[in-house]
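Structural overview for review
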Amino acid sequence: MSAVEQEPQQTEYMPYSLRPMLPDDTKAVAEIEMEAFPTTWPPTPFRKELSNRLARYLVSYVPTEDADLPEAPESVVDISKPDSLLKRMLQGVWPRIGLGSRRVDYQDLRLDFIPGFVGMWFMADEAHITAIAVLETHQRRGIGELLLIGCIELAILRNADVVTLEVRVSNTLAQGLYKKYGFEIVGSRKKYYTDNKEDALIMTTGKIQEAEYQRELHKKIALHEVRWGFSERVLTTPTSGA
Ligand SMILES: CC(C)(COP(=O)(O)OP(=O)(O)OC[C@H]1O[C@@H](n2cnc3c(N)ncnc32)[C@H](O)[C@@H]1OP(=O)(O)O)[C@@H](O)C(=O)NCCC(=O)NCCS
């Protein structure tokens, strides 16, 4: 077959998709928050946040049967053993399962696996990212970037002018991610973080409704797709509108 006749290359889907956070996800999201931001106190009341008209949360998810989880030793596992890794995993990943001295059929556990989330507040013309985090075990797989892409797309959909956030001065890794999507440092807040009195940098995108920003965004999304595969992104629930 000549090069001209060859089938176009099928671009793969990445294993992680994006959708709004649902009540069943809130425990897993709380676990991610605890891991990523251990000094956040009080913890964010994610379930309550679901009815906050100003807030929106997106999660990256993998249907549990496709998730890259430790294998269960048998098809039926005993989760009553105290402190077992599996028990902690089940508590984090399948929050609906009560833990006690009973046996659970591993194969029947079908809640989605949630490796990351992003939270936003919409105020006036601004979309403010309140938190973005990926489980340590799943970092560096393009999920953080996927969450940020979803966030900016949702902000565009909701007619926000800019996306803003605060980030620790020391968190150069996250700053790298934001800079990639056109965020620039526009100021700082002294001793913003109460745990160690660290300063926060304020970072803001350019005008996201402008064609130039959106052109650059689409280029970045295309590069993400080439690198990690296509992603399914559902940004709104039928009831939430945009
Ligand atoms: C920041 C965070 C969400 C990134 O998630 P992730 O899934 O690992 O990110 P991705 O794999 O999509 O990487 C996207 C970009 O982030 C930056 N980045 C992520 N991990 C990095 C690392 N270990 N070193 C340097 N840059 C890194 C890079 O710019 C990277 O782009 P590149 O791959 O083209 O270099 C994740 O590290 C995290 O949850 N950290 C703890 C919580 C946190 O600090 N949140 C930000 C608070 S403001």
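What you are looking at is a predicted structure, and each value in this text was computed from that prediction instead of being measured.

1. Focus on the packing of helix α4 (residues 143-157) against helix α5 (residues 172-180)
Between α4 and α5, the shortest axis-to-axis distance is 11 Å and the interhelical angle comes to 45°. With respect to α5, the element α4 is oriented oblique. Both α4 and α5 take part in a crossing whose hand is right-handed. Of α5, the residues touching α4 (which contributes G144, E145 and L148) are L177, Y178 and K180. Tallied by class, residues from the contact of α4 with α5 come to three nonpolar, one polar and two charged.

2. Focus on the packing of α4 against helix α6 (residues 211-228)
Contact geometry of α4 with α6 gives a least axis separation of 11 Å together with a crossing angle of 150°. In terms of orientation, α4 lies roughly antiparallel with respect to α6. The element α4 and its partner α6 pack so that their crossing is left-handed. Across the interface between the two elements, E145, L146, I149, I152, E153 and I156 of α4 pack against Y213, Q214, L217, K220, I221 and H224 of α6. Residue composition of the contact of α4 with α6, by class: seven nonpolar, two polar and three charged.

3. Structural notes on the sheet that holds strand β7 (residues 162-168)
Judged by pairing direction, the sheet is mixed, and its seven strands sit side by side in the order β1-β2-β5-β6-β7-β9-β8 without closing on themselves. Edge positions in the sheet fall to β1 (17-20) and β8 (184-193), since each has one partner strand and no second. Between one strand axis and the next, the sheet turns through 25° on average, direction left out of account. Contacting β6 (126-134), β7, β8 and β9 (198-204), α5 runs over the sheet at an angle of about 165° to β7.

4. Some remarks on the site of the ligand
Near the ligand lie 22 residues; those nearest to it are V134, R140, G144, N171 and K180. Taking V134, its main chain carries an N or O atom lying 2.8 Å from an oxygen atom of the ligand. A distance of 2.6 Å is found between an oxygen atom of the ligand and a side-chain nitrogen or oxygen belonging to K180. Notes on the ligand: free accessible area 920 Å², of which the protein chains cover 78%. Elements with a minimum of two residues in the shell around the ligand: β6, α4, β7 and α5. Counting residues per element, the shell around the ligand draws most heavily on α5, which supplies six residues. Broken down by class, the residue content of the shell around the ligand amounts to eleven nonpolar, five polar and six charged.

5. Considerations on the pattern of salt bridges
Applying the stated criterion across every chain, the model contains nine salt bridges. Note that K180 and E145 form a salt bridge whose closest N and O atoms lie 2.8 Å from each other. Of the two residues, K180 sits in helix α5 while E145 sits in helix α4, which places them 35 residues apart along the sequence. Classification of E145 by relative accessible area gives buried; the value is 9%. A salt bridge links R168 to E198; its shortest N-O distance comes to 3.3 Å. Taken as a pair, R168 in strand β7 and E198 in strand β9 lie far apart in primary sequence, 30 residues in all. What emerges from the salt-bridge pattern is a single network uniting R19, D25 and D112.

Rules used throughout
Residues numbered from 1 in each chain as written. Predicted model: local features only at pLDDT ≥ 70, side-chain atom pairs only at ≥ 80, totals over all residues. Heavy atoms only, no water. Axes fitted to C-alpha atoms, helices over the stretch in contact; angles between N-to-C directions. Helix = DSSP H or I, 4+ residues; strand = E, 2+ residues; numbered from the N terminus. Parallel < 35°, antiparallel > 145°, perpendicular 65-115°, else oblique. Left-handed = near helix turned anticlockwise from the far one by under 90°. Contact = heavy atoms within 4.5 Å. Nonpolar A, V, L, I, M, F, W, Y, C, P; charged D, E, K, R; others polar. Pairing = 2+ DSSP bridges. Near = heavy atom within 4 Å. Polar contact = N/O pair within 3.5 Å; in protein donor to acceptor, adjacent residues only side chain to side chain. Areas by Shrake-Rupley, 256 points an atom, 1.4 Å probe, with all protein chains shown as cover. Salt bridge = Lys/Arg side-chain N within 4 Å of Asp/Glu carboxyl O. Buried < 20%, exposed > 50% of the residue type's maximum accessible area, 1.4 Å probe, protein only.

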